[in-house]
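Coordinates in review
Letter by letter, the chains look like this.
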Amino acid sequence: MKYKSILITGGAGFIGSHVTRLFVNKYPQYQIFNLDALTYAGNLENLSDIESAENYTFIKGDITDESFVNALFEKHKFSSVIHLAAESHVDRSIEDPLSFVKTNVIGTMILLNAFKSLWKDDFTDKLFYHISTDEVYGSLGADGLFTETTSYDPNSPYSASKASSDHFVRAYGETYNLPYVITNCSNNYGQNQFPEKLIPLFINNIINEKPLPVYGDGNYTRDWLYVVDHAIAIDLVFHKGKHEETYNIGGFNEWKNIDLVKLLCKQMDSKLNRVQGSSEKLITYVKDRPGHDLRYAIDASKINKELGWEPSVTFEEGLKITIDWYLDNSTWLKNVTSGEYQSYYNKQYS
Ligand code: NAD
Ligand code: DAU
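Summary of the structure given here. (Residues numbered from 1 in each chain as written. Chains lettered and ligands numbered in written order. Predicted model: local features only at pLDDT ≥ 70, side-chain atom pairs only at ≥ 80, totals over all residues. Heavy atoms only, no water.)

The seven strands lie next to each other as β3-β2-β1-β4-β5-β6-β10, forming an open sheet whose pairing is parallel. The strands lining the two open edges of the sheet, one partner per strand, are β3 (56-60) and β10 (245-249). Strand-to-strand twist across the sheet, computed as the mean angle between neighbouring axes with direction ignored, equals 20°. Note that strand β2 (residues 31-36) and β3 share five bridges and pair parallel. Bridging across to β3, F33 finds its partner in T57. (Pairing = 2+ DSSP bridges. Helix = DSSP H or I, 4+ residues; strand = E, 2+ residues; numbered from the N terminus. Axes fitted to C-alpha atoms, helices over the stretch in contact; angles between N-to-C directions.)

Written out as structure tokens, the structure is:
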């Protein structure tokens with residue numbers, strides 16, 4: 001069998017939990033190991049439905065702990081890695097850039113070294129799959145799309161750290177023939193996203209009738225993709241993508257922040273049986289994010305043409321599923337917004 005033992009890093013996080021669930025359920029013949037440090041963003045509740053599956057093992061640990069990671073690779077002989085563990089929030093990277101370098105750059109290096117040491121004499125049927133972001137390409141103006149050949153031009157400490165890790169993965173491919181693939185994806189939304197990111201933060205604030213803090217004039221544009229569609233794309237690239245290549249993944253779905261927020265308010269008012277327009281009254285324009293990228297938009301034609309991937313749900317459908325999930329999972333939401341969340345929130349939005 002080609003992929004016997006797969007290490008997923010960051011599997012207790014937002015996207016990682018959807019990828020882990022998909023692989024555990026779809027591929028009983030693979031042993032799936034989920035390595036996660038359970039930072040504020042990691043949550044084993046995200047995976048309660050698969051925690052006792054026979055082909056699944058959770059390992060609590062930090063990818064920046066070199067001796068621990070080396071010992072783990074020696075013990076389990078991972079034939080492939082799907083690397084999602086990261087510090088992922090731009091606003092936090094502005095406050096604490098070094099922690100992003102540690103996890104996103106040094107952590108990736110430690111995994112690459114461990115993988116190289118284990119298989120350097122024979123990389124046959126091995127794969128290091130690095131999950132990255134469209135933010136490495138910087139900001140678009142009013143026109144154009146990011147393609148796989150767009151030059152890297154990161155603007156935030158987060159995107160600079162992700163760009164750096166992408167470069168190291170590619171460099172290990174060139175220098176040591178380490179088999180890799182990289183995907184750069186646009187903004188994800190869906191179930192289990194930590195409510196520091198725009199959509200779940202605003203859903204939580206609407207539920208609690210708190211202000212909706214729109215940065216700057218709200219005319220920033222993002223390309224939104226439902227997280228399950230990202231997980232499906234990752235499965236396809238893992239099994240059928242060309243090695244030593246990059247694929248862009250996006251939703252063909254651009255929204256200005258303010259238009260998205262208004263749609264969200266409308267859907268939430270209906271769901272909560274509130275008078276239409278009441279949530280919109282919560283919109284509050286606040287100080288802009290420093291270095292705020294104006295627009296991201298992905299040209300996902302390569303993955304579409306080569307692997308036949310396309311999003312399976314419309315934005316309206318995906319947003320409905322997402323809102324329903326947060327309303328049905330108020331305990332999850334309460335648990336993740338207690339403790340550290342409150343001090344982060346007060347510092348960020350006071
Ligand atoms: P997330 O913040 O929800 O989850 C990150 C996970 O990594 C958490 O479970 C956390 O505990 C774990 N982690 C953090 N530091 C760790 C460490 N040192 N050792 C082990 N585990 C650690 O992130 P996400 O939004 O699910 O993003 C996952 C990946 O996808 C990241 O690499 C991110 O850059 C990339 N990405 C995210 C998006 C998006 O819209 N969220 C879009 C494109 C790409
Ligand atoms: O493009 C992919 C990236 O998308 C991922 O790599 C990142 O991990 C992920 O966090 C996301 O980055 P963004 O910065 O685009 O996502 P965020 O949800 O933080 O913000 C989306 C937009 O909404 C952005 O223009 C900033 C704005 N915003 C965000 C927050 C949290 C607000 O106006 N107010 C807010 O309170």
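As for its placement among the helices and strands, H83 is situated in strand β4 (residues 80-83). Taking the C-alpha atoms as reference points, H83 and I8, 75 residues apart in sequence, are found 5.9 Å from one another. Residue contacts for H83: discarding those within four places in its chain leaves T9, I63, T108, L111, F128, Y129, H130 and I131. Among the polar contacts made by the side chain of H83, one reaches the side chain of T108 at a distance of 2.9 Å. (Contact = heavy atoms within 4.5 Å. Polar contact = N/O pair within 3.5 Å; in protein donor to acceptor, adjacent residues only side chain to side chain.)

In contact at an axis separation of 11 Å, helix α6 (residues 198-207) and helix α10 (residues 315-328) are set at 55° when each is read in the N-to-C sense. Comparing their axes, α10 and α6 come out oblique. Every pair of crossing elements has a handedness; the one defined by α6 and α10 is right-handed. Across the interface between the two elements, I199, P200, I203 and I207 from α6 touch F315, L319, T322, I323, Y326 and L327 from α10. For the contact of α6 with α10, the per-class residue count stands at nine nonpolar, one polar and no charged. (Parallel < 35°, antiparallel > 145°, perpendicular 65-115°, else oblique. Left-handed = near helix turned anticlockwise from the far one by under 90°. Nonpolar A, V, L, I, M, F, W, Y, C, P; charged D, E, K, R; others polar.)

All right, on to the site of ligand 2 then. Near ligand 2, the surroundings consist of 26 residues, among which D134, E135, Y158, R289 and Y349 are the closest. Note that an oxygen atom of ligand 2 is positioned 2.5 Å from one of the side-chain N or O atoms of D134. Y215 places a main-chain nitrogen or oxygen 2.8 Å from an oxygen atom of ligand 2. Burial of ligand 2 by the protein chains amounts to 95% of its free accessible area of 690 Å². Those elements that place two or more of their residues in the shell around ligand 2 are α3 (90-95), α6 and β8 (212-215). Classifying every residue of the shell around ligand 2 by side-chain character gives twelve nonpolar, seven polar and seven charged. (Near = heavy atom within 4 Å. Areas by Shrake-Rupley, 256 points an atom, 1.4 Å probe, with all protein chains shown as cover.)

This next bit is on the site of ligand 1. Around ligand 1, the structure places 29 residues, and the nearest of them are I15, D36, S88, Y158 and K162. Here an oxygen atom of ligand 1 and a backbone polar atom of L38 are 3.5 Å apart. Here an oxygen atom of ligand 1 and a side-chain polar atom of K162 are 2.7 Å apart. Burial of ligand 1 by the surrounding chains reaches 96%, relative to a free accessible area of 840 Å². For the shell around ligand 1, the elements supplying multiple residues, two or more each, are α1 (14-26), β5 (127-133), α5 (157-176) and β7 (187-189). It is β5 that provides the largest number of residues to the shell around ligand 1, a total of three residues.

Evaluated as defined, the whole model comprises 23 aromatic pairs. Between F115 and F123, the aromatic rings sit 6.4 Å apart at their centres with planes inclined by 25°, giving stacked as the arrangement. Taken together, the ring pairs in this structure connect Y40, F194, Y215, Y341, Y345 and Y349 into an aromatic cluster. Here K302 stacks its cationic end above the ring of Y247, 4.5 Å away from the centre of that ring. (Phe/Tyr/Trp six-rings, centres within 6.5 Å; stacked < 30°, edge-to-face > 60°. Lys NZ or Arg CZ within 6 Å of the ring centre and 35° of its normal.)

The strand order across the open sheet built from three strands is β7-β9-β11, with neighbouring strands paired in mixed fashion. Here the strands that pair on one side only, and so sit at the sheet edges, are β7 and β11 (254-256). Within the sheet, the average angular offset between the axes of one strand and its neighbour, ignoring direction, is 50°. Of the strand pairs in this sheet, β7 and strand β9 (residues 221-226) are connected by three bridges, and their pairing is parallel. The residue of β9 that forms the bridge with N187 is W224.

The values are spatial; any link to function lies outside them.
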